[in-house]
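Results of the structural survey
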Amino acid sequence: MLSEIKNYQAIAAEKRAQQWEKIPKDWRIPTENFHNVTNVMDIPVTCGLLNETESTITSNYDATDLLEKLKARVWSVEQVTVAFCKRAAIAQQLTNCLTEIFFDDAIKRARKLDLEYNSKFLGKALPPLFGLPISLKDSFQVRGYDTSTGLGCYVGKPAENNSALAAMLIDLGAVLYCKTNLPQSIMTGDSDNNIFGRTLNPRNKLLTAGGSTGGEGALLALRGSILGVGTDIGGSIRVPSVCNGIYGFRPSVGLIPHGGVRDLTPPGTDGVRSTAGPMSTSLRDCSLFLKSILQADTWMYDSTSISVPWIDLEPKHKLRIGVALNDGVYTPSPPVRRGLKQAVDLLRSNNDIQIIPINLPDVKLHYEDLISYCALSGSHHYYEQFARTGEPVIPSLKASGLLSVPGTTLQGFFHLNVRRAEAAKTYLKLFRDNDLDAILMPPAPHTALPLDRWTTVTYTGLWNYLDYPAIVIPVDQVRDIDSTDGLSNAKFGPDDEQLYSLYTGPEQYKGAPICIQIVGYRHKDEALIKVAAVLDSIINKI
């Protein structure tokens, strides 16, 4: 066991050596094959490590399809598990997206499930996620493995129990095989820490993979996973989804079991709470995940779960969609504006969709309060954990300004709660007065940014503050037509101009995914998924 008194550099060297040993020698790629390549999206299928069957399994299906193949015994659970373990190993070498690697345990479990298929489940209904490989963000406890969250002080302390969701996924038939990278503090837009290092964006290594669930984002983009689980307290599922061009769903707090997740906010500061949710290669896999969880007994796994049943809602025939072109704080960059307009134009041309222009009230004030909630006790708690092994603050955390936010008093906490209650009334009125089924807006004022430049989450954080479910859907990518325009287009002051100036044109950002965000009302998560499926089918012609 690694000692807490070691310097973080020694701990990191030992941990990374352990990681490397977990990748079988015949699953390793010569570094000269990819070291100087900026876009590595094609390398998993061109590097020669995957055989034809493994390439087919990992490339051609989403989780919903793959479950049907497993049920029909087209492939064994072991075949599917080995294929994803191998592709995850490739993704790790290309982008540094993994933390804990437990391929051997996953393959043993796969063999056990194959045996049970022919005995225990013969003639009976299979568990809903039978044989499906699922990846997890590092902050979820998995028994026998560290939950270090990229901090040296927590390395060498394997979890004694599974987190509530890990236990539930196992009971639902899933195969857990790896955990994924995240930033120091779990509170920035770049998945970088002093123990595992930085996760790279597989589409463009010069742009961030996002945070805080950036390891999942990169792994899913490379299809080393097709269904993973992240957490989100300000945008940590949705930001990496934007950066990597995948689907990401932030559920209402409590719907997905969250017990046994290591959050680095001080214990007991129960202001804005983190929520667990799926990241995937298709929207219907987000629905699959939510349905599988909500149809099971979440209360048996987590005392804080809110048991909202899945009721198989029928999609509404006519939808009223509120469209917010911006959040009143930051102006969307040219490619983000184009992507939103493209989506809205497609929806407007459909007779069953009614578009209602809306403005989002007081986002700047609500965002300031969100940051206050995240720093209720100031920065001491973070610095104390870093100091145990002498860790420096990573650049993206320093740039975020979070560590310089002063704590608040008990009276200040009460005032925060009063203001949030008033905001909740205002946004309920926005939904009710306009009879909205959902809100459509950008998930950020920009696409993926250069490293350590993603410093604000107003577009996503608003919905954490209000605890509204939200989904990110990819719609396009930056193209040659997305030229820059003048700073005069930045409408909201100097901070807006500074952020707006980061978009320098398609040369630097070409191929960066463009996404939209769809927001529903609190605890109406199934209704939001159904609305999002309709909109996705129109926008992406699925």
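Since we're looking at a predicted model, the values are computed, not measured.

Considering the pairing of strand E10 (residues 353-357)
Across 5 bridges, the pairing between strand E9 (residues 319-323) and E10 is parallel. Bridge pairing links isoleucine 321 to isoleucine 355 in E10.

Some words on empty space enclosed by the protein
In this structure the tally under the stated criterion is 5 cavities of 30 Å³ or more. The space that makes up the largest cavity amounts to roughly 90 Å³. If you trace the largest cavity, you find it lined by Lys137, Ser185, Ile186, Met187, Ser212, Thr231, Ile233, Ser236, Asp263, Leu264, Thr265 and Ser274. Residues that form the lining of the largest cavity fall into these classes: 4 nonpolar, 6 polar and 2 charged. As a volume, the second largest cavity reaches approximately 70 Å³. Lining the second largest cavity are Ile233, Thr265, Pro266, Thr269, Gly271, Val272, Tyr373, Cys374, Ala375, Leu376 and Ser377. The residue inventory of the lining of the second largest cavity, partitioned by class, reads 7 nonpolar, 4 polar and no charged.

Section: the nonpolar core
Phe103, Leu169, Ile321, Leu360, Ile439 and Trp463 are the most contacted members of the largest nonpolar core, which has 161 residues in total. For this core, the element with the most residues is helix H5 (residues 77-95), which contributes 11 residues. When sequence neighbours within four positions are dropped, the list of residues in contact with isoleucine 439 reads Gly322, Ile358, Leu360, Leu430, Phe431, Trp463, Gln517, Ile518 and Val519. In terms of nonpolar packing, the next biggest core, distinct from the first, is built from 6 residues, Tyr8, Ala12, Val155 and Phe196 among them.

Observations concerning the packing of helix H4 (residues 63-71) against helix H10 (residues 283-294)
Contact pair H4 / H10: the axes reach a minimum separation of 8 Å and the direction vectors enclose 65°. Where H4 approaches H10, its residues Ala63, Thr64, Asp65 and Leu67 are matched on the opposing element by Arg284, Asp285 and Leu288. In terms of residue class, the contact of H4 with H10 is made up of 3 nonpolar, 1 polar and 3 charged.

Some points on the environment of glycine 210
In this structure, glycine 210 sits in the loop between strand E5 (197-198) and helix H8 (214-221). Glycine 210 gets classed as buried once you look at its relative accessible area, which sits at 0%. If sequence neighbours within four positions are ignored, glycine 210 has contacts with Gly189, Asp190, Ser191, Val239, Pro240 and Cys243.

Details of the packing of aromatic side chains
Inspection of every chain in the model, using the stated rule, returns 14 aromatic pairs. Centre to centre, the rings of phenylalanine 121 and phenylalanine 130 are 5.8 Å apart; their planes meet at 80°, and the pair counts as edge-to-face. Here phenylalanine 121 and phenylalanine 130 have matching classes, each one buried. For the ring pair tyrosine 373 and phenylalanine 413, a centre distance of 6.3 Å and an interplane angle of 90° mean the geometry is edge-to-face. Linking tyrosine 373 in helix H12 (residues 363-374) with phenylalanine 413 in helix H15 (residues 410-433), this pair joins segments that are 40 residues apart in sequence. The exposure class assigned to tyrosine 373 is buried, which follows from its relative accessible area of 3%. Of the aromatic side chains, those joined through ring pairs into one cluster are Tyr427, Phe431, Trp463, Tyr468 and Tyr521. Above the ring of tyrosine 154, the side-chain terminus of arginine 262 is found at 3.8 Å from the ring centroid. Taking NZ or CZ as reference, arginine 420 lies 4.5 Å from the ring centre of tyrosine 373, over its face.

Focus: the sheet that holds strand E3 (residues 175-180)
Taken in spatial order, the 11 strands line up as E1-E3-E2-E6-E8-E7-E12-E13-E11-E9-E10 in an open sheet, and their pairing is mixed. Strands at the two margins of the open sheet, each flanked by one partner only, are strand E1 (98-101) and E10. Sheet twist, expressed as the mean angle between neighbouring strand axes with direction ignored, is 30°. With 2 bridges connecting them, strand E7 (residues 247-250) and strand E8 (residues 275-280) associate as antiparallel partners.

Conventions and cut-offs
Along each chain, residue indices are assigned from 1 in the same order as the chain's sequence is written. Reporting of local features is limited, given that this is a predicted model, to residues whose pLDDT is at least 70; pairs of side-chain atoms are given and counted only at 80 or more, and all residues count toward the totals for whole chains, interfaces and linings. Hydrogens and water molecules were not included; the side-chain quantities draw on all heavy atoms of the structure. One requirement defines pairing of two strands: DSSP has to find at least two bridges between them. Strands are runs of DSSP state E lasting at least 2 residues, helices are runs of H or I lasting at least 4, and numbering of each runs from the N terminus. Both site types are read off a 1 Å grid over the protein atoms alone. A 1.4 Å probe that fits but cannot get out defines a cavity, while an open set with protein on both sides within 12 Å along at least five of seven lines defines a pocket; lining residues have an atom within 4 Å of a point. Grid points are joined across faces, edges and corners, and a volume is the space filled by probe spheres set on the points. In this count, Pro and Cys sit with the nonpolar residues alongside Ala, Val, Leu, Ile, Met, Phe, Trp and Tyr, while Asp, Glu, Lys and Arg are called charged and the others, Gly among them, polar. By nonpolar core we mean a set of buried residues, namely Ala, Val, Leu, Ile, Met, Phe, Trp, Tyr and Cys, connected to one another through side-chain atoms within 4.5 Å. Type-normalised accessible area, obtained with a 1.4 Å probe on protein chains alone, sets the label of each residue: buried when under 20%, exposed when over 50%, and partly exposed for intermediate values. Only heavy atoms enter the contact rule, under which two residues are in contact if any of them lie within 4.5 Å. With axes taken as lines fitted to C-alpha atoms, and helix axes fitted only over the stretch in contact, angles between N-to-C directions fall between 0 and 180 degrees. Two rings belonging to Phe, Tyr or Trp (six-membered ring only in the last case) form a pair when the distance between their centres is within 6.5 Å. Interplanar angles under 30 degrees mark stacking, angles over 60 mark edge-to-face geometry, and anything in between is tilted. Two limits define a charge over a ring: the Lys NZ or Arg CZ must be within 6 Å of the ring centre, and within 35 degrees of the ring normal.

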